[in-house]
Amino acid sequence: MAALAVVRDLREQWAPTSAEELERFETDVLSGFALGRASAGLADGTIHGDVGHLDQIRTWFGRPLWDLVPANADVHLGMPDLRGVVARIDSEQRNEDAKGQS
């Protein structure tokens, strides 16, 4: 039978004092995440994909992931891939320009 554990907000207990310390802490947290997934029996490719998604969100967010709130995730996951939209509009504009010159 699984037991419940008390979860507390770490920000109340400890805050990194430097950018280097924050980076080391993020690395430790991500390593723990990967190790936990590996010990649960997940394939290396799955873990690599999960870590890649977290890294992509972290890069987009620009702050530590523990600062992320559901509204931020909604914005990130709900954003359309604008590259395809811009390419389609550009293509349509070129077609219109070509028709106008003929």
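Look up a bit, the structure's there.
Let me begin by describing the structure that accompanies this report. All chains use their own residue numbering, which begins from 1 and follows the written sequence. With the structure being a predicted model, the display of local features is reserved for residues of pLDDT at least 70 and the display and counting of side-chain atom pairs for 80 or more, all residues being used for whole-chain, interface and lining totals. Hydrogens and water molecules were not included; the side-chain quantities draw on all heavy atoms of the structure.

**Concerning the overall build of the protein chain**
Let me state the cut-off plainly: In this description a helix means any DSSP run of H or I spanning at least four residues, a strand means any run of E spanning at least two, and both kinds are numbered starting from the N terminus. Note on classification: 1.4 Å probe, protein chains only; a residue is buried when its accessible area is under 20% of the maximum for its type, exposed when over 50%, partly exposed between these limits. Note on definitions: a residue-residue contact is assigned when non-hydrogen atoms from the two residues lie within 4.5 Å. Exposure was quantified through the Shrake-Rupley algorithm and a 1.4 Å probe, taking into account, for residues, occlusion by the shown protein chains and nothing else.
Per the secondary structure count, the protein chain includes 4 helices and 0 strands. Ordered by position from the N terminus, the helices and strands of the protein chain form the series α-α-α-α. Across the 102 residues in the protein chain, those meeting the buried criterion constitute 6%. When contacts within the protein chain are restricted to residue pairs at least 6 apart in sequence, those whose partners lie at least 24 apart make up 28%. Total accessible area on the protein chain is roughly 8600 Å²; 58% of this is exposed by carbon and sulfur atoms.

**So, the pattern of salt bridges**
Put simply, the rule is: Should a side-chain nitrogen of Lys or Arg be within 4 Å of a carboxyl oxygen of Asp or Glu, the pair is scored as a salt bridge.
The full count for this structure, using the stated rule, is 3 salt bridges. Of the charged contacts in the structure, one is a salt bridge between Glu26 and Arg58, with a shortest N-O distance of 2.8 Å. Placement of the pair is Glu26 in helix 1 (residues 19-39) and Arg58 in helix 2 (residues 44-61), with a sequence separation of 32 residues. When its relative accessible area of 23% is taken as the criterion, Arg58 is described as partly exposed.

**Some details on the packing of aromatic side chains**
For any pair of aromatic rings, geometry is given as the distance between the ring centres together with the angle between the planes. For clarity, the threshold we go by: Pairing of aromatic rings covers Phe, Tyr and Trp, the last through its six-membered ring, and needs centres within 6.5 Å; plane angles under 30 degrees mean stacked, over 60 mean edge-to-face, and all others mean tilted.
Evaluated as defined, the whole model comprises 2 aromatic pairs. Summarising the aromatic geometry, the rings of Phe25 and Trp66 are spaced 5.2 Å apart at their centres and angled 70° between planes, so their arrangement reads as edge-to-face. With Phe25 in helix 1 and Trp66 in the loop between helix 2 and helix 3 (70-78), this pair connects stretches of sequence that are 41 residues apart. Given a relative accessible area of 23%, Phe25 falls into the partly exposed group. Judged by relative accessible area, which is 32%, Trp66 ranks as partly exposed.

**Some words on the packing of helix 2 against helix 3**
Filter applied, for reference: To get an axis, a line is fitted to the C-alpha atoms, and for a helix only the part in contact is used. The angle between two axes follows their N-to-C directions and goes from 0 to 180 degrees. The labels follow the angle: roughly parallel below 35 degrees, roughly antiparallel above 145, roughly perpendicular from 65 to 115, and oblique for the rest. Note on residue classes: Ala, Val, Leu, Ile, Met, Phe, Trp, Tyr, Cys and Pro are nonpolar, Asp, Glu, Lys and Arg are charged, and everything else, Gly too, is polar.
Where helix 2 meets helix 3, the closest approach of the two axes is 11 Å, and the angle between their N-to-C directions is 105°. It follows that helix 2 is roughly perpendicular to helix 3 by the angle criterion. Contacts between helix 2 and helix 3 pair Ile57, Trp60 and Phe61 from the former with Asn72, Val75 and His76 from the latter. The residue inventory of the contact of helix 2 with helix 3, partitioned by class, reads 4 nonpolar, 2 polar and no charged.

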